[in-house]
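One-letter residues, chain by chain:
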Amino acid sequence: MTRRSLLVSGASIAGPALASRLARSGWDVTIVERFDHLREEGQNVDIRGVGRQVLRKMGLEEAVRAAHTGEVGTRFVDGHGRVVAEFRAGEGDSGGGTAEIEILRGQLSRLLYEQSADETTYRFGDQIQALHDDGTGVDVGFQSGRTQRFDAVVIAEGLRSRTRAMLMPDARPHELGLYTAHLAIPRSTADNAWWRTMFCGRGRMLFLRPDNIGTTRAGLFFLSDVRGLDRLTPEDTVSVLRKTYADVGWEGPRVLAEMDNGSLYLEDVGQAKLPTWHQGRVALLGDAAYCASPISGMGTTLALTGAYILAGELMANEDPRTAFGQYEHRMRPLVTEAQRLFPGAPQVTMPRSQAHRIAIHAALRMASTPLARRLAKAAGKVGKTRSEAIALPEYA
């Protein structure tokens, strides 16, 4: 029997996870990545609910656990670094602001790559230039000048995927009016194993998180009605951030002083809300299909679960178009829950005024009391979390 062929665009999380399962089942899988290397940068990501189940099925749960960042929980601090409220890391598959499993995005990507590399063809430094689906296969033109035909194509890129625009030119991100910037900074003696977050006022937030490689991960969230800041030059990006956070206390000056170290990246936060995730023999996976935004805490869980379900359906159905329809049907309920943010978020959770900041601190103090924690734990035992919104299908 002729091996069926699949092209995947994107070598981050979802693409290698899909390739790992499909290649082992006999598919001829190629992954193309526009960067010339495996990207190992990135901040902490957590894996919850059905995502944890996928890790177990892939045999990766213990490897991921061994690469834990060491984060023990979340602390909210004031402008002097004094603790306002704290929440210990969750226990089990789904609980806590800090999940039981936290790993750097780049380290998870590396694990998935290593598991799939022996049976998958990786092409770094190239990208899709043209797609032609004639109903029986997809002819793909690459930027390198190469052309090749595949039985199906999966676009596993980011929220603002260029390749998706070839398939769905009218698809636009659902903007949330929020930017997030991340960088790695040298660890200091003041740093610890807690995720420490400060509301800075005027719609700004600053946080520090531990990692397992000897640095500290810094993050800055800020509201803005101006779009396009993520397309500025690195020098202009640093200038904007230094002006935006010039008056911020606590660890603000330390973070701003490290912004020229080359690890900074800025993201315009949004969601992908599309009426369909497939067209003919081409499908979308991960953030390109259903980005829930970093503030959902569900991006990696969606990527892993989507890859597992899509692989299962492609193995179970001879026609990729049927598989794509089944994949979307099974994933929609989980995506709908993941994209359901706190009412008014992100604006309501990013205080602009001192009064708003005081109110949020009061709410956090109340939520961190022993009684509130017991009630939350009891509620968790009764109902399912959104990361458990679907039952993971079983595939041969």
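No experiment lies behind these values; they were computed from the predicted model shown.

Reading the values: the criteria
Residues numbered from 1 in each chain as written. Predicted model: local features only at pLDDT ≥ 70, side-chain atom pairs only at ≥ 80, totals over all residues. Heavy atoms only, no water. Helix = DSSP H or I, 4+ residues; strand = E, 2+ residues; numbered from the N terminus. Rg over C-alpha atoms; globule rule 2.2 N^0.38 Å. Buried < 20%, exposed > 50% of the residue type's maximum accessible area, 1.4 Å probe, protein only. Contact = heavy atoms within 4.5 Å. Areas by Shrake-Rupley, 256 points an atom, 1.4 Å probe, with all protein chains shown as cover. Lys, Arg positive; Asp, Glu negative; His and termini not counted. Charge placed at Lys NZ, Arg CZ, Asp CG, Glu CD. Core = buried A, V, L, I, M, F, W, Y, C linked by side-chain atoms within 4.5 Å. Pairing = 2+ DSSP bridges. Axes fitted to C-alpha atoms, helices over the stretch in contact; angles between N-to-C directions. Salt bridge = Lys/Arg side-chain N within 4 Å of Asp/Glu carboxyl O. Phe/Tyr/Trp six-rings, centres within 6.5 Å; stacked < 30°, edge-to-face > 60°.

**What about the overall build of the protein?**
On a plain count of helices and strands, the protein comes out with 12 helices and 18 strands. Taken over C-alpha atoms, the radius of gyration comes to 21 Å for the protein, in line with the 21 Å a tight globule of 396 residues would show. Along the first, second and third principal axes, the C-alpha set of the protein runs to 65 × 50 × 35 Å. Within the span of the protein, comprising 396 residues, buried residues form 53% of the whole. Of the contacts made within the protein by residues no fewer than 6 positions apart, 73% connect residues no fewer than 24 positions apart. Accessible surface computed for the protein: about 17,400 Å², of which carbon and sulfur atoms make up 52%. The averaged location of the 46 negative side-chain charges in the protein is 6 Å from the averaged location of its 49 positive side-chain charges.

**What about the nonpolar core?**
Formed by 73 residues in total, the largest nonpolar core has its most connected members in Leu18 and Leu285. Element by element, the count of residues in this core is highest for helix α9 (residues 299–316), at 9 residues. Excluding its chain neighbours within four sequence positions, the residues that come into contact with Leu285 are Ala14, Leu18, Val154, Ile155, Ala156, Glu157, Tyr290, Gly306, Ala307, Leu310 and Tyr327. Within the second largest apolar cluster, 23 residues are counted, among which are Val77, Leu206, Val238 and Leu266.

**Focus on the sheet that holds strand β1 (residues 5–9)**
Taken in spatial order, the 6 strands of this open sheet run β7-β2-β1-β11-β18-β17, and their pairing is mixed. Sheet topology places β7 (120–124) and β17 (278–279) at the edges, where each strand pairs with a single neighbour. Bridging between β1 and strand β2 (residues 28–33) involves 5 bridges; their strand directions are parallel. Paired with Leu7 across the bridge in β2 is Thr30.

**Concerning the environment of Glu267**
If you trace the backbone, Glu267 turns up in strand β16 (residues 265–271). The sequence separation of Glu267 and Leu302 amounts to 35 residues, and the corresponding C-alpha distance is 19 Å. With near-sequence residues (within four places) excluded, Glu267 lies in contact with Leu178, Tyr179, Thr180 and Pro294.

**Considering unusual backbone geometry**
Looking along the chain, the bond that leaves Ala345 and enters Pro346 is cis, with omega of 5°. With respect to the element layout, Pro346 can be found in the loop between α10 (320–338) and α11 (354–367). Of note in this structure, Trp250 is not a glycine but carries a positive phi near 55°. Relative to the helices and strands, Trp250 resides in the loop between α6 (234–244) and α7 (252–257). Not every positive phi belongs to a glycine, and Ser293 is a case in point at roughly 90°. Mapped onto the elements, Ser293 comes out in the loop between α8 (287–290) and α9.

**Some remarks on the sheet that holds strand β14 (residues 204–210)**
Pairing in this open sheet of 7 strands is mixed, and the strands run β5-β4-β13-β14-β15-β12-β16 from one edge to the other. Looking along the sheet, the strands with just one partner apiece sit at the ends: β5 (83–88) and β16. Shown here is a sheet whose adjacent strand axes are inclined to one another by a mean of 20°, direction ignored. Pairing between strand β4 (residues 73–77) and strand β13 (residues 194–201): 5 bridges, direction parallel. Bridging across to β13, Phe76 finds its partner in Thr197.

**Focus: the pairing of β5**
Pairing of β4 with β5 involves 5 bridges; the strand directions are antiparallel. By the bridge assignment for β5, Val77 is matched with Val83. Count of turn residues in the β4/β5 antiparallel hairpin: 5 residues, of which Gly81 carries a positive phi of about 85°.

**Side note on the pattern of salt bridges**
Opposite charge on two side chains allows them to pair when their charged atoms are near. Taken as a whole, this structure holds 31 salt bridges when the rule is applied. Across the pair Arg160 and Glu175 runs a salt bridge whose closest N-O atoms are separated by 3.0 Å. In this pair, Arg160 is assigned in the loop between β11 (152–155) and α5 (162–167) and Glu175 in strand β12 (residues 174–186), connecting sequence segments 15 residues apart. Taking the relative accessible area as the measure of exposure, Arg160 reaches 35% and is therefore partly exposed.

**A word on the packing of aromatic side chains**
Applying the stated rule across the entire model yields 12 aromatic pairs. Each ring, one from Phe76 and one from Phe87, has its centre 6.2 Å from the other, and the planes form 85°; the classification is edge-to-face. Of this pair, Phe76 sits in strand β4 while Phe87 sits in strand β5, and the two are 11 residues apart along the sequence. For the ring pair Phe76 and Phe199, a centre distance of 5.8 Å and an interplane angle of 10° mean the geometry is stacked. Note that Phe76 is positioned in strand β4 and Phe199 in strand β13, a separation of 123 residues in sequence.

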